[in-house]
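Results of the structural survey
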Amino acid sequence: MKSDRSVHSEAGALAGVVPSVNLAAEPGRMDFYERARSCNLAPLWRVLHGLVTDQPAPRCVPALWRYAETRPYLMEACKLISAEEAERRVMVLENPGLPGESRITQSLFAGLQIILPGEVAPAHKHTASALRFIIEGHGAYTAVAGERTMMEPGDFVITPSMSWHDHGNEGDAPMIWLDGLDMHIVNLLCASFREGYPGRVHPLQRPEGSAAAEAGHNLLPVDTEYASQTSPIFNYPYRRTREALDQLARIRAADAWHAYKMKYINPVTGGWAMPTMSTWMQFIPAGFTTASYRSTDSAVFTVVEGSGSSRIGGEAFDWGPHDIFVAPSWVPHQHTASSDAVIFIYSDRVVQEKLDFWREHKAQP
Ligand code: GTQ
Ligand code: FE2
């Protein structure tokens, strides 16, 4: 893109040039372009259709990270650096179309974090919100704003914007989870702040289970104001999510495009659980193939249970437990489960909906 904006681009690099522009006449305009550039001015007609594209033109590509391949790198990282030295010992899932940018999609971050028994990831806070989707291990907690939650595989845990958080492993095995963050959205808008806590961990201020007691039962304490746009539910435990999908599958037929897909909601508003990242859990029964679907939100899929394959654009990806894959914006995708499959999904749909950008297309099955 950078070279497209240069006055010195060859015609071939002028990807965004308006088609009605007579390229043969362009050399005669170069002197004008050069002088304009010295005044920080540039001709729109050479770049317009690259800026305002006919349809989404994601640079991120369909990709899959096999857990059997990524896990050894996490274990190796543990030999090379402590959680404390790293602040967060995370291996970033980098989209092959966006190398070096710490992005799994253009708008979203994904990383696998590992913490060993006895380790602490020190307290800090930042504008970016985080979701944790627990992959493996027991006995580790995350603490947010003075309340701890123990993390179990399949749990979806929220770290809201600007709340103090630290993680610790009090178990006897490594704990691994997926971090999903919105910092690229925050940075697009140049709104990022970050602070380290003066101590290693933030003091505990509420008993474990407080958030669940207040907001986890379709009831809310009377006369309590909820100002935040983030769900007051801190941890959506897997046991209950799995049970919800199981019950849904008993009482209705599978949707052609989604099979069984439930969104995590904020009980205060009925809307998405987080203001910047939409989250779902999907159940695809063994033998079911979803019809081809596309939407403008790029999505990250983490397999919890079962195995199967997905067609994303022209490519096929086989997957099993803990594999992570990505479907870029507007790329058609469909899934086939070879055994009962449960998949956690997050995307930037909630942001697009707020801005009236979001679109979907369901191909007729
Ligand atoms: O655990 O607080 O993967 O702040 C990236 C940034 C994890 C965290 C990440 C973070 C964290
Ligand atoms: Fe953090």
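What this report covers is the structure whose coordinates are included nearby. (Residues numbered from 1 in each chain as written. Chains lettered and ligands numbered in written order. Predicted model: local features only at pLDDT ≥ 70, side-chain atom pairs only at ≥ 80, totals over all residues. Heavy atoms only, no water.)

**Quick notes on the pairing of strand 18 (residues 315–319)**
Summarising the sheet, strand 17 (residues 308–312) and strand 18 pair through 5 bridges and their orientation is antiparallel. From the neighbouring strand, isoleucine 312 faces strand 18, where its bridge partner is glutamate 315. The turn joining strand 17 and strand 18, which pair antiparallel and follow one another in sequence, is formed by 2 residues; a positive phi near 60° is taken by glycine 313. (Pairing = 2+ DSSP bridges. Helix = DSSP H or I, 4+ residues; strand = E, 2+ residues; numbered from the N terminus.)

**A word on the site of ligand 1**
Taken together, Arg88, Val90, Phe109, Gln113, His124, His126, Arg132, His165, His167, Asp179 and Leu181 form the complete shell of residues around ligand 1. One of the side-chain N or O atoms of histidine 126 is found 2.8 Å from an oxygen atom in ligand 1. In isolation ligand 1 exposes 290 Å². Once the protein is present, 90% of that is buried. For the shell around ligand 1, the elements supplying multiple residues, two or more each, are strand 3 (109–115), strand 4 (120–126), strand 9 (165–169) and strand 10 (175–181). Looking at the shell around ligand 1 residue by residue, the classes come out as 3 nonpolar, 5 polar and 3 charged. (Near = heavy atom within 4 Å. Polar contact = N/O pair within 3.5 Å; in protein donor to acceptor, adjacent residues only side chain to side chain. Areas by Shrake-Rupley, 256 points an atom, 1.4 Å probe, with all protein chains shown as cover. Nonpolar A, V, L, I, M, F, W, Y, C, P; charged D, E, K, R; others polar.)

**Thoughts on the sheet that holds strand 7 (residues 147–151)**
With antiparallel pairing, the 5 strands of this open sheet are ordered in space as 7-6-9-4-11. In this open sheet, the two edge strands, each paired with only one partner strand, are strand 7 and strand 11 (194–196). The average angle at which neighbouring strand axes cross in this sheet is 25°, direction not considered. Judged from the 3 bridges that link them, strand 4 and strand 9 form a sheet pairing that is antiparallel. (Axes fitted to C-alpha atoms, helices over the stretch in contact; angles between N-to-C directions.)

**Details of the sheet that holds strand 3**
Reading across the sheet, the 6 strands line up as 2-3-10-5-8-12 and stay open at both edges, with antiparallel pairing between neighbours. Only two strands of the sheet have a single neighbouring strand rather than two, namely strand 2 (90–92) and strand 12 (235–236). Strands in contact with helix 3 (residues 67–80) are strand 2, strand 3, strand 5 (130–136) and strand 10; relative to strand 3, the strand with the most contacts, it is inclined by about 55°. (Contact = heavy atoms within 4.5 Å.)

**Thoughts on helix 7 (residues 238–251)**
Given a rise of 1.5 Å per residue, 14 residues ought to cover 20 Å, and the 20 Å separating the end C-alpha atoms of helix 7 matches this to within 8%. Against strand 12, strand 13 (260–263), strand 14 (278–284), strand 16 (299–305) and strand 21 (341–347) lie the buried residues of helix 7. (Expected span 1.5 Å × (residues − 1).)

**Comments concerning the packing of aromatic side chains**
Taken as a whole and assessed by the stated rule, the structure comprises 13 aromatic pairs. Aromatic pair tyrosine 236 and tyrosine 264: ring centres 5.2 Å apart, planes at 80°, arrangement edge-to-face. Residue tyrosine 236 is located in strand 12, and its partner tyrosine 264 is located in the loop between strand 13 and strand 14; the two are separated by 28 residues in the primary sequence. On the accessibility criterion, tyrosine 264 (5% relative accessible area) is buried. By the ring-pair criterion, three or more aromatic residues cluster together here, those being Phe133, Phe156, Tyr236, Tyr264 and Phe344. The ring of tryptophan 280 is capped by lysine 261, whose NZ or CZ atom sits 4.9 Å from the centre of that ring. (Phe/Tyr/Trp six-rings, centres within 6.5 Å; stacked < 30°, edge-to-face > 60°. Buried < 20%, exposed > 50% of the residue type's maximum accessible area, 1.4 Å probe, protein only. Lys NZ or Arg CZ within 6 Å of the ring centre and 35° of its normal.)

**Topic: unusual backbone geometry**
In this model, methionine 162 sits at a positive phi of 60°, which is unusual for a non-glycine residue. Note that methionine 162 resides in the loop between strand 8 (156–159) and strand 9. For methionine 162, a relative accessible area of 34% translates into the label partly exposed. The backbone of alanine 259 shows a phi angle near 55°, a positive value even though the residue is not glycine. Considering the arrangement of structural elements, one finds alanine 259 in the loop between helix 7 and strand 13.

**Remarks on a nonpolar patch on the surface**
On the surface, Phe32, Leu44, Trp45, Leu51 and Val52 cluster together into a nonpolar patch covering about 470 Å² of accessible area. For tryptophan 45, the position within the fold is in the loop between helix 1 (30–38) and helix 2 (48–51). A relative accessible area of 35% means that tryptophan 45 is categorised as partly exposed. (Patch = residues over 30% accessible without salt bridge, like charges linked within 9 Å, V, L, I, M, F, W, Y side chains within 5 Å. Salt bridge = Lys/Arg side-chain N within 4 Å of Asp/Glu carboxyl O.)

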